[in-house]
Amino acid sequence: MRIDIPMPKAGLTMVEGTISEWKAAEGALIQKGDAIMEYENEKNTIEYESVHGGYLHILEAAGETVEVGRPIAWVTETKEEYDALTGGGAPAAAESAPQTVPAPQTAPAPAEAPAPQGRRHVRATGLARKMAREAGIDLADVPAGSGPDGRRVAAKDVTAYLESRKVSPAPAAAPAAVEDEITAIPWTGVRKTIARNMMTSLQQSAQCTAMCEVDVTDLLALRKKLVEGEEYLGCRVTVNDLLCMAVCKVLKKHPTVNATFDGKTLYSHKHVQLSLAVATEGGLMVPVIKNADTLTLAELSLAAKDLGRRAREKRLQSGEQGCGTCTVSNVGMFPIDMSTPILNPPEVGIFGFGRTTRKPGYLPDGTLAPREMMWVYLTFDHRVVDGQEAGEVFKDLQYLLEHPQLITA
């Protein structure tokens with residue numbers, strides 16, 4: 001009896017998955033519980049263990065994106081049934097790989113026309129022939145008469161002919177055209193899901209980005225002192241840890257931004273479920289620090305490092321993504337001052353932080369001094385957050401970043 005193996009569903013929001021790798025070969029006898037395949041959803045790479053034993057026939061190759069519930073393989077109880085259904089055995093499904101597409105071929109140049117017929121036989125000295133070759137002229141066009149016997153073309157005949165015609169030496173042949181090579185890269189798995197979510201976010205919310213420049217000189221000085229106390233704290237605090245801590249304090253004061261919105265109902269959350277934008281080889285991942293507002297700076301720092309590492313290693317667990325109330329995106333490690341980050345639905349706010357640059361600034365006493373400045377930006381859903389609320393958020397965030405001792409209070 002043939003038993004279908006469908007594309008599994010991992011998570012309530014999963015609608016399709018991409019097969020990363022078949023661990024079992026075509027026609028192999030597998031047992032119930034064997035790990036036969038790995039697949040990707042919008043969050044992770046997941047190992048699939050078969051719930052049926054039998055002889056395996058693969059329907060969808062590695063690299064294919066398949067809707068949840070659609071068969072990707074089947075098994076039979078006996079080898080005879082497998083042979084009957086596959087016609088005596090089928091080759092293993094080919095692994096998907098980027099395809100090299102040859103560039104369009106340039107039409108061949110027309111063949112060189114044959115030399116005109118009826119040309120007279122030319123007698124010439126060796127030097128004359130060499131000069132004619134280099135000048136790109138036909139010796140038949142050069143009047144003869146100055147050779148030793150009056151009938152051979154000599155070097156001075158070629159010189160006189162070139163002078164009369166003002167003929168320049170033939171240009172060097174053009175280099176051969178270099179053929180381009182185009183690689184087609186299938187947009188599947190996590191990257192495809194991210195692209196779809198970004199477009200959906202822009203199309204279904206009224207996004208607005210505001211920004212301001214903040215003096216973070218004292219914040220960087222505080223971070224330096226915290227690094228010196230690394231052994232006592234049990235972790236190496238980063239600038240991003242301090243920024244995340246400041247965001248948590250601001251969100252507690254502005255619950256409208258610490259919220260989720262489905263288009264009909266606004267859900268305000270008591271605690272901050274802080275989403276962190278993490279760049280990985282497979283695309284952007286957004287793990288969540290649960291109840292981040294209840295953590296100390298050291299605890300938040302350790303949680304952020306753990307989630308970031310496991311996101312890059314594709315080891316996030318179920319429930320560690322997609323449940324945030326606000327996101328932090330920090331591009332300070334790149335030469336980027338400002339950006340307009342896209343909301344991570346159903347969240348209504350995402351904070352962004354640019355790089356730090358040294359600029360002249362005035363101290364409270366009017367003294368001009370070098371200061372470390374950073375652009376801070378907030379993208380918010382204007383259906384939920386109005387301009388006044390956004391302005392109050394910036395006012396509080398700026399105060400915390402310029403008085404960093406309050407962040408850890």
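In case you missed it, the structure is sitting above this.
All of the points below concern the structure found in this document. (Residues numbered from 1 in each chain as written. Predicted model: local features only at pLDDT ≥ 70, side-chain atom pairs only at ≥ 80, totals over all residues. Heavy atoms only, no water.)

## Notes on the pattern of salt bridges
One pass over the full model with this rule turns up 19 salt bridges. Asp-215 is the salt-bridge partner of Arg-371, the closest N and O atoms lying 2.8 Å from each other. Here Arg-371, found in strand β20 (residues 368-381), pairs with Asp-215, found in strand β11 (residues 207-215); they are 156 residues apart in sequence, far enough to count as distant. A single burial state applies to Arg-371 and to Asp-215, both of which are buried. A salt bridge links Asp-381 to Arg-383, with the shortest nitrogen-to-oxygen separation between them at 2.7 Å. Where salt bridges share partners, they join Asp-306, Arg-309, Arg-310 and Glu-320 into one cluster. (Salt bridge = Lys/Arg side-chain N within 4 Å of Asp/Glu carboxyl O. Helix = DSSP H or I, 4+ residues; strand = E, 2+ residues; numbered from the N terminus. Buried < 20%, exposed > 50% of the residue type's maximum accessible area, 1.4 Å probe, protein only.)

## Comments concerning the side chain of His-254
Structurally, His-254 can be placed in the loop between α7 (239-253) and β12 (259-261). Apart from the residues lying within four places of it in its own chain, the contact partners of His-254 are Glu-389, Glu-392, Val-393 and Asp-396. (Contact = heavy atoms within 4.5 Å.)

## Remarks on the packing of α7 against helix α8 (residues 297-312)
Working note: a packed helix pair is described by the angle between its axes plus the distance between those axes. At a closest axis distance of 10 Å, the pairing of α7 and α8 adopts a crossing angle of 115 degrees. Put simply, α7 runs roughly perpendicular to α8. The two elements α7 and α8 cross, and the hand of that crossing is right-handed. Every residue of α8 that contacts α7 at Asp-241, Leu-242, Cys-244, Met-245 and Cys-248 is listed here: Leu-297, Leu-300, Ser-301, Ala-304 and Lys-305. Tallied by class, the residues present in the contact of α7 with α8 amount to seven nonpolar, one polar and two charged. (Axes fitted to C-alpha atoms, helices over the stretch in contact; angles between N-to-C directions. Parallel < 35°, antiparallel > 145°, perpendicular 65-115°, else oblique. Left-handed = near helix turned anticlockwise from the far one by under 90°. Nonpolar A, V, L, I, M, F, W, Y, C, P; charged D, E, K, R; others polar.)

## What to know about the nonpolar core
Core analysis: the biggest nonpolar cluster contains 53 residues, and Leu-274, Phe-351, Phe-353 and Leu-401 have the highest contact counts within it. Counting residues per element, this core draws most heavily on α7, which supplies nine residues. With residues near it in sequence (within four places) discarded, Leu-401 still touches Val-214, Asp-215, Leu-219, Leu-243, Ala-246, Phe-353, Val-376 and Ile-407. Judged by nonpolar contacts, the second largest core, of 19 residues, contains Ile-3, Ile-19, Tyr-48 and Val-66. (Core = buried A, V, L, I, M, F, W, Y, C linked by side-chain atoms within 4.5 Å.)

## A closer look at the pairing of strand β18 (residues 326-330)
Of all the five residues making up β18, four are buried; the element is thus mostly covered by neighbouring parts of the structure. Alignment of strand β14 (residues 274-276) against β18, held across three bridges, turns out to be parallel. Each bridged residue has a counterpart across the sheet, and for Leu-276 the counterpart in β18 is Val-328. (Pairing = 2+ DSSP bridges.)

## Regarding unusual backbone geometry
Of note, the bond from Pro-345 into Pro-346 is cis; its omega dihedral lies within 30 degrees of zero at 5 degrees. Unlike most non-glycine residues, Asn-291 shows phi in positive territory, near 50 degrees. Tracing the sequence through the fold places Asn-291 in the loop between β17 (288-289) and α8. Asn-291 gets classed as partly exposed once you look at its relative accessible area, which sits at 32%. The residue Lys-314 is not glycine, and still its phi comes out positive at about 60 degrees. Structurally, the position occupied by Lys-314 is in the loop between α8 and β18. Assessed through its relative accessible area of 40%, Lys-314 is described here as partly exposed.

## Observations regarding the environment of Phe-394
Take Phe-394: it is sitting in helix α9 (residues 387-402). The buried category is assigned to Phe-394, whose relative accessible area is 9%. Between the alpha carbons of Phe-394 and Met-211 there is a distance of 8.1 Å; along the sequence they are 183 residues apart.

## Observations concerning the environment of His-269
As for its placement among the helices and strands, His-269 is situated in the loop between β13 (266-268) and β14. Apart from the residues within four sequence positions on either side, His-269 is in contact with Asn-258, Ala-259, Thr-260 and Thr-325. There is a polar contact of 3.0 Å between the side chain of His-269 and the side chain of Thr-260. (Polar contact = N/O pair within 3.5 Å; in protein donor to acceptor, adjacent residues only side chain to side chain.)

## Digging into the pairing of strand β19 (residues 349-362)
As paired strands, β18 and β19 are joined by four bridges and run parallel to one another. Among the inter-strand pairings, Ser-329 is bridged to a residue of β19, identified as Gly-352. Across twelve bridges, the pairing between β19 and β20 is antiparallel. Each bridged residue has a counterpart across the sheet, and for Arg-358 the counterpart in β20 is Glu-372. The hairpin formed by β19 and β20 contains five residues between the paired strands, and Gly-366 there has a positive phi angle of roughly 90 degrees.

## A look at the sheet that holds strand β8 (residues 71-76)
Spatial strand order, β1-β8-β6-β3: four strands in an open sheet with antiparallel pairing. Looking at the sheet topology across the chains shown, the edges are occupied by β1 (2-6) and β3 (29-30). Here two bridges tie β3 to strand β6 (residues 54-58), and the two strands are oriented antiparallel to one another. Looking at the pairing, Leu-29 lines up with Tyr-55 of β6. On the sheet, helix α1 (residues 79-86) packs against β1, β6 and β8 and is oriented at approximately 135 degrees with respect to β8.

By themselves, these observations are geometric and do not establish any function.
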